[in-house]
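Here are the chains, one letter per residue:
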Amino acid sequence: AQKVTQAQTEISVVEKEDVTLDCVYETRDTTYYLFWYKQPPSGELVFLIRRNSFDEQNEISGRYSWNFQKSTSSFNFTITASQVVDSAVYFCALSEGDRDDKIIFGKGTRLHILP
Amino acid sequence: EAGVAQSPRYKIIEKRQSVAFWCNPISGHATLYWYQQILGQGPKLLIQFQNNGVVDDSQLPKDRFSAERLKGVDSTLKIQPAKLEDSAVYLCASSFSGIGDTQYFGPGTRLTVL
C-alpha cells in the first residue's frame, strides 16, 4: 500500500534561513509520481512540482529545490533564503501511476517564517 | 487560464441539515475530484469522476454523501443529513486526463456543522 510520511509537523525558522521539509514515501510500484503542494492561509492548494519515478534529477526553481532519492524513498524540499510569504502548510503526495491516479497526501508540515 | 472554481467559500449549517457544494473544473479537464480535508490533516479523496462517470468512490460515505457530474463538466457534492464530524474543507480538483497528471485545486469550501 502506498504511504507518505512527513515527520515534521511544524517548523519555525527566521527569515532568510534555509529550511528543508522531509518526505518519505512507500510504494510497491516501479512507476509512480511525487508531488509537492503549498497551502497558504487562504486554503487553496497550490501545485509546486511533479516528479516521475524515472527522473531522479534534482530540480531547482528559484529559491525552491527538490532532492529525489529512490535509494532512501525520499523527496525532500528545500527553501533557500526563506521569506515570510513562504509561511504555509506544505504537502508531499504520491500517485501510483500503473493502477490509478489516486493521490495520497502526507499530513503536511506547517512552516512558520519569522520576520 | 481560469482555475478551478468552487462555491460557496464558507457554509455554516446545523446538524441534520443538508448542504451542497459546486465545482467548475479547468476547461478541458476530463477528471474531477472531490476531497475532504479535516483540520490538521492532508486531503482525503472522496470521489473521482472521469468525464461524467465515477472512477472511484470507495471513501465516500454513501449513506449521506452524494455527488454528480452531469455533462462531464460541473459537479455538485451533497451532504444529507450533515453530522458534526463533516466539518471540514471540501476541495475540488481537476486534471487533464488522469494517471500521473497534476491535479489543480480550487479554493475549497469551509463547512462548519453546529
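Residues numbered from 1 in each chain as written. Chains lettered and ligands numbered in written order. Predicted model: local features only at pLDDT ≥ 70, side-chain atom pairs only at ≥ 80, totals over all residues. Heavy atoms only, no water.

Per the stated rule, a full pass over the model turns up two disulfides over all chains. Two residues share a disulfide in this structure: C23 of chain A and C92 of chain A, whose sulfurs sit 1.9 Å from each other. Disulfide C23 of chain A to C92 of chain A: torsion about the S-S bond roughly -65°, handedness left-handed. Residue C23 of chain A is located in the loop between β3 (19-21) and β4 (24-26), and its partner C92 of chain A is located in strand β10 (residues 88-96); the two are separated by 69 residues in the primary sequence. C92 of chain A sits in the buried class, given a relative accessible area of 0%. Note on cysteine connectivity: C23 of chain B is disulfide-linked to C92 of chain B, with sulfurs 1.8 Å apart. Linking C23 of chain B and C92 of chain B, the disulfide has an S-S dihedral of approximately -70° and is accordingly described as left-handed. Of this pair, C23 of chain B sits in strand β3 (residues 19-24) while C92 of chain B sits in strand β9 (residues 88-95), and the two are 69 residues apart along the sequence. A relative accessible area of 0% means that C92 of chain B is categorised as buried. (Disulfide = S-S within 2.5 Å. Helix = DSSP H or I, 4+ residues; strand = E, 2+ residues; numbered from the N terminus. Buried < 20%, exposed > 50% of the residue type's maximum accessible area, 1.4 Å probe, protein only.)

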